[in-house]
Amino acid sequence: MQYADDNATPGQTAEDLQRTATAYNTVYERFGMQVNTDKTKALIQHPPGQILPNINTTINEHTLEKVDQFSYLGSILTSTPTCKNDVENRIRAAHSAYGRLSCRVFNNHALTTATKIMVFQAIVLSTLLYACETWTLYRSDIQSLERFQQYKLRQILKIPWESHTTNVAVLNQASVTSVEATIIHHRLRWAGHVLRMEPFRLPKIMLYGELANGARPRGAPKRTLALTNIDPSSWEQTARDRATWRRAVHHGTTAFEEKRKENEEAKRRRRRERQEQPRPPPTLPCELCPRLFHHRLGLSSHIRHKHPPRR
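This is a predicted model, so every value here is computed, not measured.

Quick look at the overall build of the protein
Argument step 1. A tally of regular secondary structure across the protein gives 12 helices and 10 strands.
Argument step 2. Projecting the C-alpha coordinates of the protein onto the three principal axes gives extents of approximately 85 × 60 × 50 Å.
Argument step 3. Within the protein, the fraction of its 311 residues that count as buried is 30%.
Argument step 4. Taking as baseline every contact in the protein between residues at least 6 positions apart, the subset at least 24 positions apart corresponds to 56%.

Here's what the structure looks like:
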């Protein structure tokens, strides 16, 4: 976990963490270096449904400060095993990257729209999805990332909200894939790269590692390989050849994106058909006036505003 002069030291227990921190500090002192205890923090991730007791880690008799989140190599590590804070941090960084290029690129009338889209993909989108291969995303996180991409693409393409242009139409006009498809592409490329590593490399050990204790919550997650029509039983053999794996990932993510667009269009058609169907007459009467309502929510709102209780 060493990177330049930074080090992330994991531990399964408090004793493991203390032993590892002491060992690193001893080695650093042999090379004439010193650990900056003011910048070194301790972060505890509690198991689901459990609260660990107070844990103190010391280096040179200095107790390390305990924090709920910490920034390491551009990623946000938190005490809760979710990526929400990291996703929000990447969105803020992408907003900043877009703002720094607004005058020179995105608001520059001398540049073509295709050039602006390429700069957006190369800089803003890369900033947004930095380290996305390691994220464990919920649907709400993906929606936040998709909203950011749609907002910026509509600014570049000068599409006003009054035009009611669909998200699929915006992606087609910009010739850009969705954020979800891009994340799947990055994950599969990274999985193939890790597979081709030597067995003693830490990323490969982590990829094939399993928890010694604990159990998954009920419900099977959607697997990335299944979403891209890649055979889970033979993906390792395919990934050993880099060129073959790149073609498989490209075809798989393209198929996923086409299916996602078809599902979005079908959902939109169903919604439009529901809206075009004749609405049944209201049947819920108000006891205080002759008005009728379709739903109890509208009736309760009407009573609350039009017939408030007397004090």
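That shown, we press on.
Concerning the packing of helix H5 (residues 139–157) against helix H7 (residues 179–195)
Argument step 1. Here H5 crosses H7 at 115°, and the two axes come no closer than 9 Å. By the criterion of interaxial angle, the relationship of H5 to H7 is roughly perpendicular. Contacts from Arg139, Ile142, Leu145, Glu146 and Gln149 of H5 reach H7 at Val179, Glu180 and Ile183.
Argument step 2. Across the contact of H5 with H7, the residue classes break down as four nonpolar, one polar and three charged.

A closer look at the pattern of salt bridges
Argument step 1. Summed over the entire model, instances satisfying the criterion amount to five salt bridges.
Argument step 2. Residue Arg19 pairs with Asp16 through a salt bridge whose shortest N-O separation is 2.7 Å. In this pair, Arg19 and Asp16 both sit in helix H1 (residues 14–30), three residues apart, roughly one turn of the helix.
Argument step 3. Overall, Arg19 belongs to the exposed group, its relative accessible area being 52%.
Argument step 4. A relative accessible area of 25% means that Asp16 is categorised as partly exposed.

Focus: the nonpolar core
Argument step 1. Counting residues in each nonpolar core, the largest one holds 29 residues, and the members touching the most others are Phe106, Phe120, Leu128, Leu129 and Leu145.
Argument step 2. The biggest single contributor to this core is helix H4 (residues 113–128), with six residues.
Argument step 3. Setting aside residues no more than four positions away along its own chain, Phe120 makes contact with Tyr98, Phe106, Leu125, Gln149, Lys152, Leu153 and Ile156.
Argument step 4. With 12 residues, the next largest nonpolar core counts Ile184, Leu225, Ala239 and Trp245 among its residues.

What about the packing of aromatic side chains?
Argument step 1. Summed over all chains, the structure comprises three aromatic pairs.
Argument step 2. Considering the side-chain rings of Tyr98 and Phe106, the 4.3 Å spacing of their centres and the 10° angle between planes classify their relative orientation as stacked. Residues Tyr98 and Phe106 agree in their burial class; the two are buried.
Argument step 3. Seen in terms of ring centroids, Trp235 and Trp245 are 5.7 Å apart; in terms of plane orientation they differ by 50°. Their pairing is tilted. Placement of Trp235 in helix H10 (residues 235–239) and of Trp245 in helix H11 (residues 242–276) is noted, with a sequence separation of 10 residues between them.
Argument step 4. Since its relative accessible area comes to 14%, Trp235 is described here as buried.
Argument step 5. Taking the ring centre of Tyr98 as reference, the NZ or CZ of Lys152 above it sits at 4.3 Å.

Observations concerning the side chain of Thr228
Argument step 1. Of note, Thr228 is situated in the loop between helix H9 (224–227) and H10.
Argument step 2. Polar side-chain contacts of Thr228 include one of 3.2 Å to the backbone oxygen of Leu225.
Argument step 3. Setting aside its immediate chain neighbours within four residues, Thr228 contacts Ile184, Leu188, Gly252, Thr253 and Phe256.

Observations regarding the environment of Pro280
Argument step 1. The residue Pro280 is located in the loop between H11 and strand S9 (284–285) in this model.
Argument step 2. Note on Pro280: relative accessible area 54%, which makes it exposed.
Argument step 3. A sequence separation of 14 residues divides Pro280 from His294, and the C-alpha atoms of the two residues are 8.2 Å apart.

Reading the values: the criteria
Numbering of residues begins from 1 in every chain and follows the order in which that chain's sequence is written. At least 70 in pLDDT is required for a residue's local features to be given in this predicted model, at least 80 for side-chain atom pairs to be given and counted, and no such filter applies to totals for whole chains, interfaces and linings, which use all residues. With hydrogens and water excluded, all non-hydrogen atoms of the structure serve as input to the side-chain values. Segments assigned H or I by DSSP are reported as helices when at least four residues long, segments assigned E as strands when at least two residues long, and all are numbered from the N terminus. To sort residues, take the accessible area from a 1.4 Å probe on protein chains only and compare it with the maximum for the residue type: under 20% means buried, over 50% means exposed, and anything in between is partly exposed. In what follows, a contact means two residues having at least one pair of non-hydrogen atoms within 4.5 Å. Axis definition: a line fitted to C-alpha atoms, over the contacting stretch in the case of helices. Angles run 0 to 180 degrees between N-to-C directions. Throughout this description, any angle smaller than 35 degrees is read as roughly parallel, any larger than 145 degrees as roughly antiparallel, any in the 65 to 115 degree range as roughly perpendicular, and the remainder as oblique. Note on residue classes: Ala, Val, Leu, Ile, Met, Phe, Trp, Tyr, Cys and Pro are nonpolar, Asp, Glu, Lys and Arg are charged, and everything else, Gly too, is polar. Salt bridge, as used here, is a side-chain nitrogen of Lys or Arg placed within 4 Å of a carboxyl oxygen of Asp or Glu. Residues belong to one nonpolar core when they are buried, are Ala, Val, Leu, Ile, Met, Phe, Trp, Tyr or Cys, and are joined through side-chain atoms within 4.5 Å. Under the pairing criterion, centres of Phe, Tyr and Trp rings, with the six-membered ring standing for Trp, must be within 6.5 Å; the plane angle then separates stacked pairs below 30 degrees from edge-to-face pairs above 60, leaving the rest tilted. By definition here, charges over rings are those cases where NZ of Lys or CZ of Arg is within 6 Å of the ring centre and within 35 degrees of the ring normal. Residues adjacent in sequence count toward polar contacts only when both atoms are side-chain atoms; beyond that, a polar contact is any pair of N or O atoms within 3.5 Å, and within protein one must be able to donate a hydrogen and the other to accept it.

Purely spatial values, then, with no claim about function.
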